[in-house]
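For reference, the chains in residue letters:
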Amino acid sequence: MGDALIRMLAAVFAACCLAVVPVHTAAADDDERMEKLFTFKDPRITESSGLAVSPTHPGIYYTHNDSAAAPTFYAVDGEGRTRATYQLRGAEARDWEAMAASKDPRTGRGVLWFADIGDNLDGAWPDVSIYKVMEPQRLGDATLPAVRYRFRYADGARNAEGIMVNPRTGRLYVVSKEFAGSVYAAPKTLRTDRTNVLRRVAAAPIMATDAAYAPDGSSYVVRTYFSATLYKPSGETIARVTMPQLEQAESIAFTADGKALLTGSEGARSPVYRVPLPARALASASPSATPTPTPTPAKAESSLDAQADSAAGGGLALKDVLIWLAAAATAIGVITFIARRTA
């Protein structure tokens, strides 16, 4: 089944989900319209699948290509010009689908994460890998050492295209790309000597293509082919944010100040757009101006991190199953209609 048909079925499914679970759509104010930030100028960047803002180099953005590419990533400036090209030592690029950036709280150095988590056959690989790389302190072509972490899902293999890192806790999350998607939490401490288990902690939108945490940890966003949804750390929906129309929407990231989203697409000379978050969405996501008190057990249970710590396994909630069944029935109807029209 081609990508066009998948996206069409995903649109039908999304419409079904919206009918069941109403979500406020936040549109930017007239003076805060989305704008094209830059276009990748490097002819080697043909399938930009991951996007991240540098934690330590102002005005620098990182990206990498999709599957069938070398373990390579690029540092790009605000004009879309490649400032440096990096190779990873000790890494493979089976199907790189996402990246994230964080900061080491002890040293202040930037940390880059590259996710080899694509699995279009939903179970072809016994495990998936995510690589941790210390951000280079100087911009310039180089080969960097990578630490490899292997992962498996507690509830069975699946395809995924999104990762994010909570800047407050450092915990890593993977977001699956499915008709009934999920957010999976990695263990608090990652191990290189064994396979780490990813456990389901929240639902995710249909066919998620990327995800990112806000720089202050007050919210996270999940991108799909059609829009983006902003969530509180508890997994509660804040708002759906309208995205620009792109050839194949693949990436999402927060700006360094957390006031806008950056989104990109695959394709040669693909654009990156800046989409300001509406004031009401920022207000809903912003943490209190007063120091955050130590959470009580009841409050702690509302966070994805707390759910990850207490999770004994994955699985779909009843609501997810019902929505999936309704959308599956609709999808079957659409496929039948297309088959009759083309017979």
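You'll find the structure just up there.
Residues numbered from 1 in each chain as written. Predicted model: local features only at pLDDT ≥ 70, side-chain atom pairs only at ≥ 80, totals over all residues. Heavy atoms only, no water.

Asks: So what about the overall build of the chain? Which residues, and what values?
Replies: Each helix and strand counted, the chain has five helices and 22 strands in total. Relative to its 343 residues, the chain shows a buried fraction of 50%. Contacts in the chain between residues far apart in sequence, at least 24 positions, make up 55% of those at least 6 positions apart. In the form shown here, the chain has an accessible surface area of approximately 15900 Å², with 54% of it arising from carbon and sulfur atoms. (Helix = DSSP H or I, 4+ residues; strand = E, 2+ residues; numbered from the N terminus. Buried < 20%, exposed > 50% of the residue type's maximum accessible area, 1.4 Å probe, protein only. Contact = heavy atoms within 4.5 Å. Areas by Shrake-Rupley, 256 points an atom, 1.4 Å probe, with all protein chains shown as cover.)

Asks: For the pattern of salt bridges, give the residues involved together with the corresponding values.
Replies: This structure, assessed with the given rule, holds 11 salt bridges. For Asp42, the salt bridge goes to Arg44, with nearest N and O atoms at 2.7 Å. Of the charged contacts in the structure, one is a salt bridge between Asp193 and Arg191, with a shortest N-O distance of 2.8 Å. Ionic contacts of the salt-bridge type, sharing partners, join the residues Asp155, Arg158 and Glu178 into one network. (Salt bridge = Lys/Arg side-chain N within 4 Å of Asp/Glu carboxyl O.)

Asks: Lay out the pairing of strand E7 (residues 98-103) in plain terms, naming residues and giving numbers.
Replies: As paired elements, E7 and strand E8 (residues 110-116) share six bridges and run antiparallel to each other. Counterpart to Met99 in the pairing with E8 is Phe114. (Pairing = 2+ DSSP bridges.)

Asks: Hey, could you go over the nonpolar core for me, with residue numbers and the actual values?
Replies: With 20 residues, the main nonpolar core has Trp113, Ile117, Ile130, Phe151, Ile163, Leu172 and Val174 as its most contacted residues. At the level of secondary structure, the elements contributing two or more residues to this core comprise E7, E8, strand E9 (128-134), strand E11 (147-153), strand E12 (160-165) and strand E13 (172-176). Leave out the neighbours within four places in its chain, and Ile130 touches Trp113, Phe114, Ala115, Ile117, Val147, Arg148, Tyr149, Phe151, Ile163, Leu172 and Val174. Ala75, Ala84, Trp96 and Tyr131 belong to the second-largest nonpolar core, a separate cluster that totals 18 residues. (Core = buried A, V, L, I, M, F, W, Y, C linked by side-chain atoms within 4.5 Å.)

Asks: Any chance you could break down the pairing of strand E4 (residues 61-64) for me, citing the residues and the numbers?
Replies: Neither face of E4 is open: one carries Tyr61 and Thr63, the other Tyr62 and His64, and all of them are buried. Two strands pair when backbone bridges link them, and strand E3 (residues 50-53) and E4 are joined in this way by four bridges, in the antiparallel orientation. In the strand pairing of E4, Gly50 is matched with His64. Looking at chain direction, E4 and strand E5 (residues 72-76) are connected through three bridges and run antiparallel. Each bridged residue has a counterpart across the sheet, and for Thr63 the counterpart in E5 is Tyr74.

Asks: How would you explain the sheet that holds strand E10 (residues 142-145) if you had to name every residue and give the values?
Replies: Sheet architecture is open: five strands sit in the order E3-E4-E5-E6-E10, paired in mixed fashion. Looking at strand neighbours, the two that pair on one side only are E3 and E10, the edges of this open sheet. Within this sheet the neighbouring strands show an average axis-to-axis angle of 30°, counted without direction. Pairing of E5 with strand E6 (residues 82-89) involves five bridges; the strand directions are antiparallel. The residue bridging Tyr74 from the neighbouring strand is Thr85, located in E6. (Axes fitted to C-alpha atoms, helices over the stretch in contact; angles between N-to-C directions.)

Asks: Give a detailed account of the side chain of Thr209, specifying residues and quantitative values.
Replies: Note that Thr209 resides in strand E16 (residues 208-213). For Thr209, a relative accessible area of 0% translates into the label buried. Within the local environment of Thr209, its side chain forms a polar contact with the backbone oxygen of Ala249, the two atoms lying 3.3 Å apart. (Polar contact = N/O pair within 3.5 Å; in protein donor to acceptor, adjacent residues only side chain to side chain.)

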